[in-house]
Amino acid sequence: MRAWYSLMVVGLLLVIGFLVWRDINHSVQTTSRQTAVTLTDLPVHYCPKQVQVVVDQANQPRVGKIIALKNCRTIELSSVLGTSTVGQISFKLPLALPFQINVADFGTQPVTYAPELGDLNDDAVIDARDESLVSDNLFSSDNQFDLDNDGQVSVLDVALVRLHLGASYQVVDPPIDWSEVGQ
Amino acid sequence: MKKRRSISSRALFTIVSIVTLILLLGSAFLQRTIFKAEQQSASLFLSPAQATAKPGATVGFALRANLSGVTTVTAAEFALKYDPKVLQFVQADPANGWQTVKVLNDDGLIQWAVTPLKSLGVAVDITSQSTFGTVSFITKASGVAQLALDLARSSIASVDATQSPSLYNAVTSVQDASISIADNATTTPLPTTSPDAPTPAGMTGTLQKITAIQELVGSESAVLLVSTEYPATLLLRFGSDQNNLTNTVQTNSALSNSVLHLNGLDPATSYYYQLTLVDQVTNAKIISKERSLTTGAVSSTSSLPAQLQLYAFPAIAQKQTTLYIRATDQTGAVVTDQKPVITIGSGRATTSIVSGSDGLYQTTVDSELTSQQSVTIQAAVGAVNATTKLTFDPNFQPAERPPVQLNPALSLNLTVVTVLIGLLLVLGGLLLIFVRLARG
């Protein structure tokens, strides 16, 4: 019987310990500077391996590099952020509109972003031309137009473009030549 | 005397472990099931399910869907297999509210994609039973022909803004149809188009987002009127150098309608800005795209405005709202130092002194009534005037933030863990009683 009491006490201590650890861990996470961008609202099969990143900071030369994504959804920026709190970071994911995040936004709160898929012609705007490109290739398996990476060009790809129609990217000065970034 | 059998500690430990495992998996599974249940499901079918026709007759099948609820749809595609020896495909006609994007007919397989009509927007709400269109065939020879919808290649691209990803395929099942072709058969009439046309989608969800940004510029100041889906605090970074947005303005309290004032600007100058929204409940940041605005040039030709723009923000308020007035000449340049006169056209409300001098003016409007009322307000400078209407509703409450489920993966949150602790304690107590009874 004593063994059972001990087992229950140990079990309870473990559970309480877990809750306390979880709480402490959470508070530590929310007081240190966040260095990652979590991508949300992307199709399940869309799994980019890397992202092109360009860092513009005042009085410093522009830095462009390719960063590998963690679990297809997390961009870890500790290697480019440093300690600076001024500047902008531009991102380009495959088949998506480029987007920008201010360096100052990397505070203690998590940074999330929902990229807009559908900029097939890389003209920094999702419009009827992109919709036509997908519609013309419907029912094929051309991965150039398979936005959600599910293996076929379907209305789900058309839908991704339609939902983002009109979205555009404010071109930074000087403009970024994404074909050169990380090459 | 027969010796009573007691349960061994090892057996009890095994039982407890198994029960705990079941509880853990059960709770995680339940969470996943609840998550899945929030998305609508659709069953595609052809109507009529069984048709008859004479050889050489034209027969049509309506392509319909049974949905578990109102669904926001942005596109749909169907793959339909048929026997080309018995049937000849004629055409695919979209139903009212839909348009064909592409239709392919190749060796007994029709692939057909439709989207809502442009006039209805990018997405539409469809009801629990909807018709997408009609597929027509000419019967070629006697016999029985099957018409089979291909589940793997049929999709109803639907949107649920409460989930991530928000886009999903609602089709979960399909039902086939058949046609009997005989010389003495009566041809089933072509189905009539269903009257249940799709309606423009509300596209409202529970994800936090910026729903509108209204820019009002004077010559030396600007005001951003920002509406969000749910209460949030806002941080604005702005500057004339696109790569160096060093100036910041932020709101102190979480509101659904926030006002950001940008002061100390230069006339006729472009400024770039980016908004960061911090959700009141989740604390997650949502960062807007970078935008730009240009301050007005000061009018050099006129001392009186040719046009007034009048905005009430918010347009629905409990007791107080703010009016913003912009005065411009015929060229669009702002007219400074011409404070407009505000008058209440209808309704009971009071206004305060108009402030501002750079072509952008503002004042507050208050209502002391305890019941809902509409107020018409006019702003005038000389003979030029503008009118707007606003509503005071003492019971008006902005939308509250509903709970958000962002991650469909298995997870044990604090509530589940707490419930499990309780269940484990109960289980432990029961086992203790059981052991005592068994040994006693």
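Residues numbered from 1 in each chain as written. Chains lettered and ligands numbered in written order. Predicted model: local features only at pLDDT ≥ 70, side-chain atom pairs only at ≥ 80, totals over all residues. Heavy atoms only, no water.

Peer 1: Quick question: what am I supposed to make of the overall build of chain B here?
Peer 2: Helices and strands together make up the secondary structure of chain B, namely 2 helices and 30 strands. Per-residue burial over chain B gives 45% buried out of 440 residues. When the accessible surface of chain B is summed, it comes to about 21500 Å², and 54% of that surface belongs to carbon and sulfur atoms. (Helix = DSSP H or I, 4+ residues; strand = E, 2+ residues; numbered from the N terminus. Buried < 20%, exposed > 50% of the residue type's maximum accessible area, 1.4 Å probe, protein only. Areas by Shrake-Rupley, 256 points an atom, 1.4 Å probe, with all protein chains shown as cover.)

Peer 1: Quick question: what am I supposed to make of the overall build of chain A here?
Peer 2: When helices and strands are counted, chain A shows 4 helices and 7 strands. Classification of the 183 residues of chain A by burial places 44% in the buried group. Long-range pairs, those at least 24 residues apart, make up 60% of the contacts in chain A with a sequence separation of at least 6. (Contact = heavy atoms within 4.5 Å.)

Peer 1: I tried to follow the environment of B:Ala123 on my own but got confused; where do I start?
Peer 2: Mapped onto the secondary structure, B:Ala123 falls in the loop between strand S7 (109-116) and strand S8 (124-126). We classify B:Ala123 as buried; its relative accessible area is 4%.

Peer 1: For this particular structure, what's the right way to read the interface of chain A and chain B?
Peer 2: When the parts come together, some accessible area is lost, and that loss is often what is quoted as the size of the interface. Taken together, the contact between chain A and chain B spans 56 residues of the former and 59 residues of the latter. With both sides pooled, the region where chain A packs onto chain B buries about 4600 Å², and carbon together with sulfur makes up 59% of that total. The interface formed by chain A and chain B contains 1 salt bridge. Close ionic contact of B:Arg237 with A:Asp105 constitutes a salt bridge, the shortest N to O distance being 3.3 Å. (Buried area = accessible area lost by both parts, 1.4 Å probe. Salt bridge = Lys/Arg side-chain N within 4 Å of Asp/Glu carboxyl O.)

Peer 1: What's the story with unusual backbone geometry in this structure? I'm lost.
Peer 2: Where the residue is not glycine, phi is negative for most of them; where a peptide bond is considered, it is trans in most cases. Look at the link from B:Ser47 to B:Pro48: it is a cis peptide, with omega at 5 degrees. The residue B:Pro48 is located in the loop between strand S1 (42-47) and strand S2 (50-53) in this model. Of the consecutive residues B:Phe313 and B:Pro314, the connecting peptide bond is found in the cis state with omega at -5 degrees. Its place among the elements puts B:Pro314 in the loop between strand S23 (307-313) and strand S24 (316-317). In this model, A:Cys72 sits at a positive phi of 65 degrees, which is unusual for a non-glycine residue. When you line up the elements, A:Cys72 lands in the loop between strand S3 (63-68) and strand S4 (74-76). Despite not being glycine, A:Asp122 has its phi angle at roughly 55 degrees, a positive value.

Peer 1: Teacher, can you tell me more about empty space enclosed by the protein here?
Peer 2: Empty space left among the atoms is revealed by rolling a probe the size of a water molecule over them. The full count for this structure, using the stated rule, is 2 cavities of 30 Å³ or more. As a volume, the largest cavity reaches approximately 50 Å³. As for the largest cavity, its lining consists of A:Phe99, A:Gln100, A:Tyr113, A:Ser168, A:Tyr169, A:Gln170, B:Gln274, B:Ser288, B:Lys289 and B:Glu290. A class-by-class count of the residues in the lining of the largest cavity yields 3 nonpolar, 5 polar and 2 charged. In this structure, the second largest cavity occupies an estimated 30 Å³ of space. As for the second largest cavity, its lining consists of B:Leu63, B:Phe78, B:Leu80, B:Ile110, B:Trp112, B:Val135 and B:Leu149. At the level of elements, strand S4 (71-81) and S7 of chain B are the ones that each hand at least two residues to the lining of the second largest cavity. (1 Å grid on protein atoms, 1.4 Å probe; cavity = no way out; pocket = protein on both sides within 12 Å on 5 of 7 lines; lining within 4 Å. Points joined across faces, edges and corners; volume = space filled by probe spheres on them. Nonpolar A, V, L, I, M, F, W, Y, C, P; charged D, E, K, R; others polar.)

Peer 1: What is the right way to look at the state of the cysteines in this model?
Peer 2: Formally, a disulfide is one covalent bond, and it connects the sulfur atom of one cysteine to the sulfur atom of another. All names here are of chain A. Applying the stated criterion across every chain yields a total of 1 disulfide over all chains. The disulfide partner of Cys 47 is Cys 72, and the gap between their sulfur atoms is 1.8 Å. A torsion of -50 degrees about the S-S bond marks the disulfide between Cys 47 and Cys 72 as left-handed. Pair noted here: Cys 47 is in the loop between strand S1 (36-39) and strand S2 (50-56) and Cys 72 is in the loop between S3 and S4, with a separation of 25 residues, a long-range link. (Disulfide = S-S within 2.5 Å.)

Peer 1: Looking at this model, I keep getting lost on a nonpolar patch on the surface. Mind explaining?
Peer 2: Residues and elements named next belong to chain B. Among the surface-exposed residues, Val 426, Leu 430, Ile 433 and Leu 437 lie close enough to one another that they form a single nonpolar patch of about 420 Å² accessible area. Along the chain, the position of Leu 430 falls in helix H2 (residues 414-439). A residue is classified by how much of its surface remains accessible, and Leu 430, at 52% relative accessible area, is exposed. (Patch = residues over 30% accessible without salt bridge, like charges linked within 9 Å, V, L, I, M, F, W, Y side chains within 5 Å.)

Peer 1: What is the right way to look at helix H3 (residues 128-136) of chain A in this model?
Peer 2: Think of an α-helix as turning once every 3.6 residues; residues three or four places apart then point the same way. Those residues of H3(A) that fall on the buried side of the exposure criterion are A:Asp130, A:Glu131, A:Val134 and A:Ser135. Projected down its long axis, H3(A) carries its buried residues within an arc of 135 degrees, all on one side. Residues of H3(A) that are exposed and point over 90 degrees away from its buried face: A:Arg129 and A:Asp136. The elements touched by buried residues of H3(A) are helix H4 (155-163) of chain A together with strand S6 (98-106) of chain B. (Arc of directions from axis to C-beta.)

Peer 1: In this structure, what is going on with the sheet that holds S2(A)? I would like to understand it.
Peer 2: Each strand in a sheet pairs with another by means of backbone hydrogen bonds, the pair being arranged parallel or else antiparallel. Residue and element names in this part refer to chain A. With respect to topology, 4 strands assemble into an open sheet ordered S3-S2-S5-S6, the strand pairing being antiparallel. Single-partner strands in this sheet number two, and they are S3 and strand S6 (99-102). Sheet twist, expressed as the mean angle between neighbouring strand axes with direction ignored, is 25 degrees. Relative to strand S5 (residues 88-92), S2 runs antiparallel, the two sharing 5 bridges. By the bridge assignment, Val 55 is partnered in S5 with Ile 89. (Pairing = 2+ DSSP bridges. Axes fitted to C-alpha atoms, helices over the stretch in contact; angles between N-to-C directions.)

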